[in-house]
Amino acid sequence: MTKKVVLSICLLISAAWGGGFGKVSIATPAIDRTKILSADIPEAAADLSGLVLTLQDLPQGFTEMSSDDVANFKNQLSQGPDFKPASIFAYQKIDRKLFQLQLLIGFTVQLSNPIQQATFDRAIREGFAAKAFSQGLNRNKESPFTHPAALTLQDKIGEVSAGWRSQGKIKNIPMNVDMTLFRRGKIGVFMTTIYLDGTTPTITISEAARKFDSRMMELKPDLTQPQ
């Protein structure tokens, strides 16, 4: 049964990304390059493929999700015309004895210029991204999830950040979906954790985001300077 639940969660999150959040545009309007200085041209994308939260960053008991699941997440995110994930990670913790089930999934996107950064910040502050993700979750008409409610983050994360929580059922099992978006310098991050309602997650979305924020500053100091 647990495998079926995890599979259902993966399919639901993939649908939410592809049907909702992937439509949040961070595209830069067309630029007339004949009227700008070379310094104003957006820089080439950096390689962020290795910028992920690792098992060493998480409490014991987490394992990597299958490569097929990760590939499916990435494929769904890449469906949008201008929204491409730069890196992606996905972990799970399943403990039947302790009645624990938690998935932690995240991805990054590079925001190379001030327009992209401002657009991403607006999606955070005004909740566009959370609403889009929630709409994607609710493509599952069998058991709708609640409208995302503001979730207070325990720590200051990134330069701009916000958190939300939606609640619903998957395979008739009550679940919480906690999510956060934050930006640090030229890197935008979306993270979500899914766990059984009525239980305490092994690692909260705030704790996971703080760890990843620190990792970003350590590995990509040139891209995480305040903008």
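Given the structure is predicted, the values throughout are model-derived calculations rather than measurements.

## Side note on the overall build of the chain
Helix and strand counts for the chain come out as five helices and seven strands. For the chain, the α and β elements follow one another from N to C terminus as α-β-α-β-β-α-α-β-β-β-β-α. Out of the 227 residues belonging to the chain, those deemed buried represent 50%. Pairs at least 24 apart in sequence give 67% of the contacts found in the chain among residues at least 6 apart. Carbon and sulfur atoms make up 51% of the accessible area of the chain, which totals about 11200 Å².

## Topic: the sheet that holds strand β2 (residues 87–95)
Spatial strand order, β1-β2-β3-β7-β6-β5-β4: seven strands in an open sheet with antiparallel pairing. Single-partner strands in this sheet number two, and they are β1 (63–64) and β4 (149–150). Both β1 and β2 contribute to a ladder of two bridges, which runs antiparallel. Pairing of T63 across the sheet is with Q92, part of β2. Running at roughly 150° to strand β6 (residues 173–184), helix α4 (residues 128–137) makes contact with β5 (160–170), β6 and β7 (187–196) of the sheet. Running over the sheet, helix α5 (residues 205–219) touches β2, β3 (100–110), β6 and β7 and is turned about 30° from β6.

## A few points about unusual backbone geometry
Positive phi values are uncommon outside glycine, yet K171 reaches one of about 55°. Phi at N172 takes a positive value of approximately 65°, unusual for a residue other than glycine. Within the secondary structure layout, N172 lies in the loop between β5 and β6.

## Topic: the confidence of the model for the chain
This prediction gives the chain a mean pLDDT of 82; 81% of its residues lie at or above 70. When pLDDT is averaged over each element of the chain, α5 comes out on top at 95 and helix α1 (residues 2–19) at the bottom at 70. Scored below 50 in pLDDT, residues 28–40 makes eight contacts in the model with residues more than four places away or belonging to other chains.

## Overview of the side chain of R183
Along the chain, the position of R183 falls in strand β6. At a separation of 2.7 Å, a polar atom in the side chain of R183 contacts the side chain of D121. From its side chain, R183 meets the backbone oxygen of G185 in a polar contact 2.8 Å long. Contacts of R183, omitting those with residues within four sequence positions, involve L111, Q117, F120, D121, I124, G158, E159, V160, G188 and Q227.

## Quick notes on the pairing of β5
Regular strands place their side chains on alternate faces of the sheet. Relative to β5, β4 runs antiparallel, the two sharing two bridges. Residue A149 lies in a different strand from β5, and its bridge partner there is R165. Sheet analysis places β5 next to β6, joined by 11 bridges and oriented antiparallel. Directly across from A162, in β6, lies its bridge partner L181. Between β5 and the antiparallel strand that follows it, β6, lie two residues; K171 among them carries a positive phi value of about 55°.

## Quick notes on the pattern of salt bridges
Proximity of charged atoms lets side chains of opposite charge pair with each other. Across all of its chains, the model carries six salt bridges by this definition. Among the salt bridges present, the one from R215 reaches D57, with a minimum N-O distance of 4.0 Å. You can see R215 sitting in helix α5 and its partner D57 sitting in the loop between α1 and β1, a full 158 residues away along the chain. Note that R165 is salt-bridged to D178, the shortest N-O span being 2.6 Å. A residue pair is termed long-range when its members are at least 10 positions apart, and R165 in strand β5 and D178 in strand β6 qualify at 13 residues. The network of salt bridges with shared partners includes D121, E159 and R183.

Cut-offs used in this document
Residues numbered from 1 in each chain as written. Predicted model: local features only at pLDDT ≥ 70, side-chain atom pairs only at ≥ 80, totals over all residues. Heavy atoms only, no water. Helix = DSSP H or I, 4+ residues; strand = E, 2+ residues; numbered from the N terminus. Buried < 20%, exposed > 50% of the residue type's maximum accessible area, 1.4 Å probe, protein only. Contact = heavy atoms within 4.5 Å. Areas by Shrake-Rupley, 256 points an atom, 1.4 Å probe, with all protein chains shown as cover. Pairing = 2+ DSSP bridges. Axes fitted to C-alpha atoms, helices over the stretch in contact; angles between N-to-C directions. pLDDT = per-residue confidence, 0-100. Polar contact = N/O pair within 3.5 Å; in protein donor to acceptor, adjacent residues only side chain to side chain. Salt bridge = Lys/Arg side-chain N within 4 Å of Asp/Glu carboxyl O.

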